[in-house]
Amino acid sequence: MDVRRRITSFDEYKEEYQKSVDNPEGFWEGHAESFVWKKKWDKVLDWNFSGPEVKWFEGGELNITENCLDRHLEERGDKVAILWEPNEPGEAAIKLTYKQLHAKVCEFANVLKAQGIKKGDRVCMYMPMIPELAIACLAAARIGAVHSVVFAGFSSNALSDRVNDAEARVILTSDGNYRGKKNIPVKSVVDQACETSPCVESVIVVQRTNAEVTWVDGRDKWWHDEVAKVDVNCPATAVASEDMLFILYTSGSTGQPKGVVHTTGGYMVYTDYTFRNAFQYNEDDVYWCTADIGWITGHSYIIYGPLLAGATTMMFEGVPTYPDAGRFWEVCEKHKVNQFYTAPTAIRALQAYGTEFVEKYDLSSIKALGSVGEPINEEAWQWYHKNIGKGNCPIVDTYWQTETAGFLISPLAGITPEKPTYATLPMPGIQLAIMDADGNEIEGNGVEGNLCIKYPWPSIIRTTYGNHDRCKEVYFGTYKDMYFTGDGCRRDEDGYYRITGRVDDVINVSGHRMGTAEVENAINEHSNVVESAVVGFPHEIKGQGIYAYVICDEIPADEDTFRTEVLKIITKEIGPIAKPDKIQVVPGLPKTRSGKIMRRILRKVAEGDVSSLGDTSTLLDPSVVDSIVSGALVPIKD
Ligand code: WT7
C-alpha cells in the first residue's frame, strides 16, 4: 500500500481508524517507512504513561529537514515551498522554491555552526513572520540543534524567562516588526531580555524595518553579514528519533509557562499524516495557515506538516484588518489559496465588519476552510461557511494542543460528514476517553465529561523541559494511565465530539492560552496589590476575556490610574495579550474556610450572571460576595 496516499472516503477513514486502534504500531510503522531515515528503528513503540515515557521509532536516526527539503528536490525542486505575503500589500510577495529554501536553510545552518552551535544546543527565535523565521527553525533542525520560538508579542521579561529556562545560547531576532500600521521595535526587547539572560552568547539580527538599533559589539551580528561568510552546503546531521526537535513554551493552570518538548521521528510522521489527510492537500494547491510561528499551529501546520508533504505553504506577516478588513480575502484571491486555516476569533472580528469586505474578492479557489484554537461558535461557523466557503467548502475544525503537536479530533475535508461546532471524530491513532469526576471512563454516546487519551500517538508531549515531574503531574497525574487534555467534551448521540472548553484554570483569549495564575502573579507585582484572582468570561470577539479581581492595600485615590498601572505591569511581565478587559478593586475574595478561592462565584459575576451564585454558605465571609456583586463589571478604558 502506498501510505502517502490519502484517505479518500468516509468508509476508508473508518477502516483506517480501526486499523490504527487494532495495531497502532503496525499502522504508524507503515507511515514512518515512507520517509528518509539514516538508520532504521529497532522498535516502533515503547511506552508507559506512569513515567511517563514514550519512545517512537527507537534506534532510528534521521534528519527532519531531509524529509522537508532534500527529499523533494528531484520531484518538486522548482515548486514554491514558502510563499510569503508581506504586511504592506504594495510590497512584493516572496516565493522560495524547494531548491531555494533548501539552500537558504543549509546556508543558515552553517551560520549557526559558525556561532559554535552544536547538536542539542538550544536556539531561541524572537522574530516576526518573515521567511527567515522558518529558515531559522529548519536550519537549527538541520544540525540537530533545538529551536525554541518565542512569540514576538511577549515582553522582554517573558522572553528572558524562556531563554533562561531553555539555556539558549543564541537569540535570532530582527531590527523591527511590521504589524498593520505599527512598526514595533524587536531588537530592543531582546537587548533588555539579555540583561537578565547571561546564557546568550550571540544575537543575530535580520534587517527588516531598518529601525535604528543599539549594538553590543561581539554579541550582535547582522544576519546578512553572517550569511555572506558561509558556504551553502550543509549535510544534515543524523539525530536519534527521540532527540529533541523543539521546545515551545505554553501556559498551564499553575506557575510559570512550561517548555513542552517534542522529539523528531514521531513528530515528523504525525504532522505529515494529519496535514495531508485533514486538509486533503493536492500537489498544486496553495495552503495558507494564518497563525504565527510563535505558536504550535505555526510549527506543525505552517512549517513541518506542509513541507513534509511537499506543499506550498504561505506565511503572512500582517494582520487581518490592515489595510482593511478585506486583507485575508484579498490575499486569498491574489495567491489563489486553496486551503485557508484561521482562528474563530479572527472570523468573529471580520464578521463584525460586514460582508462587503468579502464580496469584493474572488474566493472561488478555496476548497477547504480550517478553524483552530478554541471552540467555534455556531454563528461564526455559519458565517465562515456561507460567506467564505460560499456554502460548499468543508470546515475543518481541528482540535488539538501544544502538547499534542498535531490534530486530535478533526474532520477530514469533504470526507467526514460535518456538524457545525463539532470537531467531529478522532484522527486515526487517537484513542479518546471521556472521564467522570471519579476517574471512571464514561462509555456510550450522549455523554459529557473530561477528555483524555488512552494510548500514545507519535507526537505526544515527551516531557516539560528541565522538569519531568511537572509533565507527569499536569498531564498524566489526574487519571491513571491517561493523558488528560484539560478540556471538557461532549460525545453526542452520533459519537461526534464537541469540545466545551477548559476545565482547569487556563483561559483562552483570542485563541491564546493563558494561565490565570500567571496573570495574577504579574498583577501582584504592583506595590499596592495584596492579592488578586483572575477568571475568564465570555467575550464576543475574543472568545474569552480576562477579568481581574484585585484587593488593594490602600483604596486607590484614582482607580483609572491604578488600572493603567496594573496594565503596564502586565505588559511588562507578560505582554499586551495578557491585559485584562476588566479590573475590579474588591474588599475581599470569596474564600472557603480552608482558604481556597471559590472561582465559580467570580466567574459568575464576571459573566454578569449573579442570579445563581449557588451555595455560598461555606465561605469564610459570605458578605464579600455582595460587595463584589455591587461593584461588578466596571469596564476599562483601553
Ligand atoms: C487549547 C490548546 C491547537 C493549536 C492552537 C492552540 C483549545 C484548540 C480547539 C478547537 C475547541 C480548541 C483547547 C485546547 N482548542 N483548538 N478546534 N476546538 N477548542 O493551542 O495554545 O496549546 O491551546 O486550545 O482548549 O486545550 P494551545
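Remember, predicted model here, so these are calculated numbers, not experimental data. (Residues numbered from 1 in each chain as written. Predicted model: local features only at pLDDT ≥ 70, side-chain atom pairs only at ≥ 80, totals over all residues. Heavy atoms only, no water.)

## Quick look at the packing of aromatic side chains
Then, number 1: A full pass over the atoms with the stated rule returns 44 aromatic pairs.
Then, number 2: Pairing Trp-288 with Phe-340 gives two aromatic rings, centres 5.2 Å apart and planes at 75°, and the pair type is edge-to-face. With a gap of 52 residues between them, Trp-288 in strand β16 (residues 286-289) and Phe-340 in strand β18 (residues 339-342) connect regions that are remote in the sequence. Take Trp-288 and Phe-340: they sit in the same class, and that class is buried.
Then, number 3: Stacked on the ring of Phe-154, the Lys or Arg Arg-162 has its end atom at 4.3 Å from the ring centre.
Then, number 4: Against the face of Tyr-422 rests Lys-419, its NZ or CZ located 5.3 Å from the ring centre. (Phe/Tyr/Trp six-rings, centres within 6.5 Å; stacked < 30°, edge-to-face > 60°. Helix = DSSP H or I, 4+ residues; strand = E, 2+ residues; numbered from the N terminus. Buried < 20%, exposed > 50% of the residue type's maximum accessible area, 1.4 Å probe, protein only. Lys NZ or Arg CZ within 6 Å of the ring centre and 35° of its normal.)

## Some thoughts on the site of the ligand
Then, number 1: Taken together, 17 residues form the shell around the ligand, and within it Asp-397, Thr-398, Thr-402, Asp-487 and Arg-513 come nearest.
Then, number 2: A distance of 2.7 Å is found between a nitrogen atom of the ligand and a backbone nitrogen or oxygen belonging to Thr-398.
Then, number 3: Within the side chain of Arg-502, one N or O atom sits 2.8 Å away from an oxygen atom of the ligand.
Then, number 4: Burial of the ligand by the protein amounts to 95% of the accessible area it has alone, namely 550 Å².
Then, number 5: When the residues that make up the shell around the ligand are grouped by side-chain class, the tally is six nonpolar, six polar and five charged. (Near = heavy atom within 4 Å. Polar contact = N/O pair within 3.5 Å; in protein donor to acceptor, adjacent residues only side chain to side chain. Areas by Shrake-Rupley, 256 points an atom, 1.4 Å probe, with all protein chains shown as cover. Nonpolar A, V, L, I, M, F, W, Y, C, P; charged D, E, K, R; others polar.)

## Re helix α9 (residues 265-279)
Then, number 1: Taking 1.5 Å per residue as the helical rise, α9 with its 15 residues ought to reach 21 Å, and the 22 Å between its terminal C-alpha atoms agrees with that figure.
Then, number 2: At the C-terminal side of α9, Gln-280 shows a positive phi close to 55°. (Expected span 1.5 Å × (residues − 1).)

## Some points on the sheet that holds β16
Then, number 1: The seven strands are arranged β5-β4-β17-β16-β18-β19-β20 in an open sheet whose pairing can be described as mixed. Across the chains shown, the open sheet's two edge strands, defined by having one partner strand only, are β5 (94-97) and β20 (395-398). Put simply, the sheet's adjacent strands are angled 20° from each other on average, direction ignored.
Then, number 2: Judged from the four bridges that link them, β18 and strand β19 (residues 368-372) form a sheet pairing that is parallel. Looking across to β19, one finds that Thr-342 is bridged to Ser-371. (Pairing = 2+ DSSP bridges. Axes fitted to C-alpha atoms, helices over the stretch in contact; angles between N-to-C directions.)

## Considering the pairing of strand β10 (residues 182-185)
Then, number 1: Pairing analysis gives four bridges linking strand β9 (residues 176-179) to β10, with the strands arranged antiparallel. Paired with Tyr-178 across the two strands is Asn-183, which belongs to β10.
Then, number 2: Joining the antiparallel neighbours β9 and β10 is a turn of two residues, in which Gly-180 adopts a positive phi near 60°.

## So, the confidence of the model for the chain
Then, number 1: Chain-level pLDDT for the chain is 96 on average; 99% of the residues reach the 70-or-more range.
Then, number 2: Confidence, expressed as mean pLDDT per element, reaches its minimum in the chain at helix α19 (residues 623-630) with 88 and its maximum at helix α5 (residues 131-142) with 99.
Then, number 3: Predicted confidence for residues 634-638 stays below pLDDT 50, and this span has 12 contacts to residues more than four positions away or in other chains. (pLDDT = per-residue confidence, 0-100. Contact = heavy atoms within 4.5 Å.)

## Focus: the side chain of Arg-513
Then, number 1: Here Arg-513 shows up in strand β27 (residues 512-515).
Then, number 2: A distance of 3.4 Å separates polar atoms of two side chains, one belonging to Arg-513 and the other to Thr-250.
Then, number 3: A polar contact of 3.0 Å, which involves the side chain of Arg-513, links it to the backbone oxygen of Ser-251.

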